[in-house]
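One letter stands for each residue in the lines below.
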Amino acid sequence: MRASNYFIPTLKEAPSEAEVPSHIYLVRAGFIRQLAAGLYEYLPLGLRVLRKIENIIRKHMDNAGALEVLLPILTPAELWQETGRWEVYGKELFRVEDRKGRLFALGPTHEETITDLVRKNIRSYKDLPKNFYQIQTKFRDEARPRYGLIRGREFLMKDAYSFDVSEEMAVQSYQVMRDTYKRIFDELGLDYLMVEADTGAIGGKYSHEFVVKAANGEAHIVYCENCGYAANVETAKYEFELDRPPPEEEKPLEKVYTPNVSSVEEVAQFLGVPPTKIVKTLVYILSDGRKVAVLIRGDRELNETKLINYFNVLDCRLATSEELKEMGVVEGFVGPIGLDLPVYADISVEGLHNFVVGANEKDYHYINVNIPRDFKPVEFVDFSTARGGDPCPNCKQPLKETTGLEVGHIFLLGTKYSEAMKAYFVDKDGKEKPIVMGCYGIGVSRLMAAAVEQNHDDSGIIWPESIAPFKLHILALNTKDPQITDVAEQIYKQAQEIGVEVLYDDRDISPGAKFKDADLIGIPYRIVVGKKVKEGKVELQERKTGKKEEIQIPDIPALLEKLKG
RNA sequence: CGGAGCGUAGCUCAGGCGGUAGAGCACUGGCAUGGGGGGCCAGAGGUCGGCGGUUCAAGUCCGCUCGCUCCGACCA
C-alpha cells in the first residue's frame, strides 16, 4: 500500500477526550476516530488490525471444531423475557422499538438467540455435540463508556456456545475452548493470565477469565507465582487459617466511651488496638428486600460479589443513613450484640478473640467481645476480598495482585438457558433432557486496545507482529531524488511479490515527519531509503528495539523472505 | 444514575471588563530544503454547541437544553 493513496490521518497532539495510552495512540496514529461516547469508527489501519485479530481467533475456533454462524444483532424481547434477562440485564440492555411497537434488544450477548436456533433445529443426541460461534458487533448501553475501545457501547466480540448431551461432555467442550483460548492469546502475543472468575449476569456453574495485564484494566486479580493459582478478586480465595491471629484468653466484655470515634482507623487509634482486632458491622440491603448485617475484620474489605452469590440475589447495596435510622441502627456504632438483624460473619472473624465492635449506641463500643459468648452469627462465610500478600489457597505462598483487562471469558453454563427456553434433546435412552451448554467470549475490539496498552512507548504503538496492520514500512526519505525513489519502489514491488504486507511511505513530506508517523503507527519493521543508496545501502530498523542495521541492496530479497516467514 | 469540569478554526487551546474573533499546529499556493513533525512569503478557514432571556450591543451575563470528559456507583 502506498501511503500517498492510503488514509492515515495522524495527529500531533492527543485528542482532549483521550486518557489512556491505547485510546490516545489509536486516535493519534489514525486507526480509529470517535463518533460519539463509546462509538468508534475504524479507519483502514484500524480495520486491518481488527481483521488480523478476528482471523487468528477464527483459525483457532475452526481448528477446535466450532462452526461459524452470524446471528442478528436485533433480538426480540420475548426471547429475553423467556430467560428473565429482559429485567435482569437491566439498563445495560439497549432497547429499541419497531414501528408496530414490538420491542427488541440490540444483542449484548446471544445465549437466547443461539438457544432458540438450537431448540428449533436439534432434536437428538445424534445432533450433538455442537459449538457455534460468531464474530459480531455487540451493544451495551454503558452507564459510563470509557477509555476508548476498552469500554465502548458498541464493540466487536467473538462469542461461542457449546451444546452437549451431559455435563461430562460439556466439561470436555469447556476444556477444549480453554485450550483454544490459550492458543489464541499466545498467538496474539499478549501477556495474559487465565483466572478463575465469577459468572455474573451470564450465570452458570463456573468460569474462567482471560486477563491481559494492564494498568488501566478494570479486573482486579490475584495470582500465585509458585503454584499458578489465579483468580479475579471477586471470587478469589486465600488461606484463612494462616490469616488468623493466635488464640487468647477471653477477657470480660466491656462497654467503653468512644466519642465521635467510628471508623476503623479512628477506633484503632483511640483504643490503641490493631485494625485486626476491630470488627466492622455492615448493614446490607439485598435486592430481594432482605436486610442483613455482615461482620468483617477491620483490615479486610468485603466482597459484594461473594455476598450476592451467597445470598443468591441479583444485587446488594449498603443501607443508607436514612434506612439505618428507620431500622433504629446507630450509624458509625453498629455492632452485632443486640442487633435486630440476621448477623453473618466473614471467615476472618472466626476464631478472633477479645475484639472490638460497635455497641449500637452513639459514642460507645464494646471491647473484649468473644464468639459465641457474646453473640452468635448465623454462619461464617467467605465474604472478604483477597489481596496481594494473602496466603495462596493452594500452596500458601503469598499471592501477587495486579490489574488487567478482561479480554476473554468462558462459562460452563449448565442447563440454565436450555431449561428456561426448553432446549431439549432425546437421549439414547429415549428420554428428553435439557442440553448442557457453555459459552465463550472474546472482546475483539477490546483486544486491539489491550495490545496497545501492553505494547507502546513514548513515540507510539509497537504492534505485536501477529496483529500489526503491515509487517514492513518503507520510508523513501527524499521523493525528489530519483535514485531514492527508484530503490524504494523496487523494494516495494519485491515485497509485494514475495507476499510481505508492506506500507510504502512515498509522500512528499519531510523526513522527520515520516519518522514520527512511522513510530506512531508502530509497524514492526522499517526500511529507510535515504542518502546511503549512493553507497548501495538502505537501513533496516526494528520498531520494538530501535535497532538499526545497514543492508546492501542486493541482500534485500533475502531479507524480505525472512520477514515473510 | 449521583458529583464535578469543559464545549471558541480540522486539532490543541487562549480571549471572559459586554463593544469588528485570536495563537500554535494542520490545510491551500509559491520559494527554498531533504535523516527525526525544520524555514520564508501569501492565503483560506468560525451560525464562539443549541434554544431562549437581559441589553443600544452577548463568545462574554442569566435560564434551559444537548454533547464530551473526569470522579463515584455499575460493568466485559
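The structure displayed is predicted, hence computed values, not measured ones. (Residues numbered from 1 in each chain as written. Chains lettered and ligands numbered in written order. Predicted model: local features only at pLDDT ≥ 70, side-chain atom pairs only at ≥ 80, totals over all residues. Heavy atoms only, no water.)

Our next topic: the overall build of chain A. Helix and strand counts for chain A stand at 14 helices and 31 strands. Projected onto its principal axes, the C-alpha positions of chain A cover 95 × 65 × 50 Å. Split into buried and exposed, the 565 residues of chain A put 53% on the buried side. On chain A, roughly 25,400 Å² of surface is accessible, and the fraction owed to carbon and sulfur atoms is 49%. Within chain A, one finds 74 positive and 88 negative side-chain charges whose respective centroids are separated by 4 Å. (Helix = DSSP H or I, 4+ residues; strand = E, 2+ residues; numbered from the N terminus. Buried < 20%, exposed > 50% of the residue type's maximum accessible area, 1.4 Å probe, protein only. Areas by Shrake-Rupley, 256 points an atom, 1.4 Å probe, with all protein chains shown as cover. Lys, Arg positive; Asp, Glu negative; His and termini not counted. Charge placed at Lys NZ, Arg CZ, Asp CG, Glu CD.)

Another point: the packing of aromatic side chains. Under the definition given, this model contains 20 aromatic pairs. Plain terms: the ring middles of Phe185 and Tyr192 are 5.5 Å apart, the flat faces sit at 45° to each other, and that makes the pair tilted. Taking the relative accessible area as the measure of exposure, Phe185 reaches 0% and is therefore buried. Through pairs of rings, three or more aromatic residues link up here, namely Tyr181, Phe185, Tyr192 and Phe210. The ring of Tyr147 is capped by Arg146, whose NZ or CZ atom sits 5.5 Å from the centre of that ring. The residue whose ring lies beneath Lys255 is Tyr364, and the NZ or CZ to ring-centre distance is 5.6 Å. (Phe/Tyr/Trp six-rings, centres within 6.5 Å; stacked < 30°, edge-to-face > 60°. Lys NZ or Arg CZ within 6 Å of the ring centre and 35° of its normal.)

Where helix α2 (residues 44-63) contacts helix α11 (residues 444-454), the axes come no closer than 9 Å and their chain directions differ by 110°. Considered as vectors, α2 and α11 are oriented roughly perpendicular to each other. Of the two possible hands of crossing, α2 and α11 adopt the one that is right-handed. Across from Gly46, Val49, Leu50, Ile53, Glu54 and Ile57 in α2, the residues of α11 making contact are Val444, Ser445, Leu447 and Met448. (Axes fitted to C-alpha atoms, helices over the stretch in contact; angles between N-to-C directions. Parallel < 35°, antiparallel > 145°, perpendicular 65-115°, else oblique. Left-handed = near helix turned anticlockwise from the far one by under 90°. Contact = heavy atoms within 4.5 Å.)

The sheet built from five strands is open, its strands ordered β16-β14-β15-β17-β20 with mixed pairing. On the outer flanks of this sheet lie β16 (316-318) and β20 (379-381), each paired with one strand and no other. Direction aside, the axes of adjacent strands within the sheet are offset by 35° on average. Pairing of strand β15 (residues 291-297) with strand β17 (residues 343-346) involves three bridges; the strand directions are parallel. (Pairing = 2+ DSSP bridges.)

Time to look at the sheet that holds strand β29 (residues 525-529). A sheet is described by the order of its strands in space; here five strands give the open sequence β28-β27-β29-β30-β31, paired in mixed fashion. Of all strands in the sheet, those with a lone pairing partner are β28 (502-505) and β31 (548-552), marking the two edges. Neighbour-to-neighbour, the strand axes of the sheet open up by a mean angle of 25°, direction not taken into account. For β29 and strand β30 (residues 537-542), the ladder comprises four bridges, and the chain directions are antiparallel. Within β30, the residue paired with Tyr525 across the bridge is Glu542. Where helix α12 (residues 482-498) meets the sheet, it contacts β27 (472-476), β28, β29 and β30, and its direction lies at approximately 165° from that of β28.

Turning next to the protein's contact with RNA strand B. In the region of RNA strand B, 42 residues are neighbours, and Arg144, Arg151, Glu406, Asp519 and Glu539 sit closest. Among the atoms of RNA strand B lying within 4 Å of the protein, the sugar-phosphate backbone contributes 47%. At 2.7 Å, a side-chain N or O of Lys12 approaches a sugar or linking oxygen of RNA strand B. Contact between RNA strand B and Arg146: a base nitrogen at 3.5 Å from a side-chain N or O atom of the residue. Listed by contribution, the elements that provide at least two residues to the surface near RNA strand B are β1 (32-36), α13 (511-521) and β30. (Near = heavy atom within 4 Å. Polar contact = N/O pair within 3.5 Å; in protein donor to acceptor, adjacent residues only side chain to side chain.)

Glancing now at the domain arrangement of chain A. Considered domain by domain, chain A is made up of domain 1 (3-73 + 111-237 + 401-453), domain 2 (241-381) and domain 3 (472-564). With five residues of domain 1 in contact, the opposing surface of domain 2 contributes four residues. In this assembly, domain 1 packs against domain 2 so that about 330 Å² is buried in total across both faces, 31% of it on carbon and sulfur atoms. Counting the surface domain 1 buries against domain 2, the share from its top three residues, Asp198, Glu234 and Ala236, is 82%. The tally of links between domain 1 and domain 2 comes to zero salt bridges. At the surface where domain 1 touches domain 2, the tally comes to three residue pairs in polar contact (both at pLDDT 80 or more). For the side of domain 1 that touches domain 2, the class distribution of residues is two nonpolar, one polar and two charged. (Domains from an automatic or database assignment. Buried area = accessible area lost by both parts, 1.4 Å probe. Salt bridge = Lys/Arg side-chain N within 4 Å of Asp/Glu carboxyl O. Nonpolar A, V, L, I, M, F, W, Y, C, P; charged D, E, K, R; others polar.)

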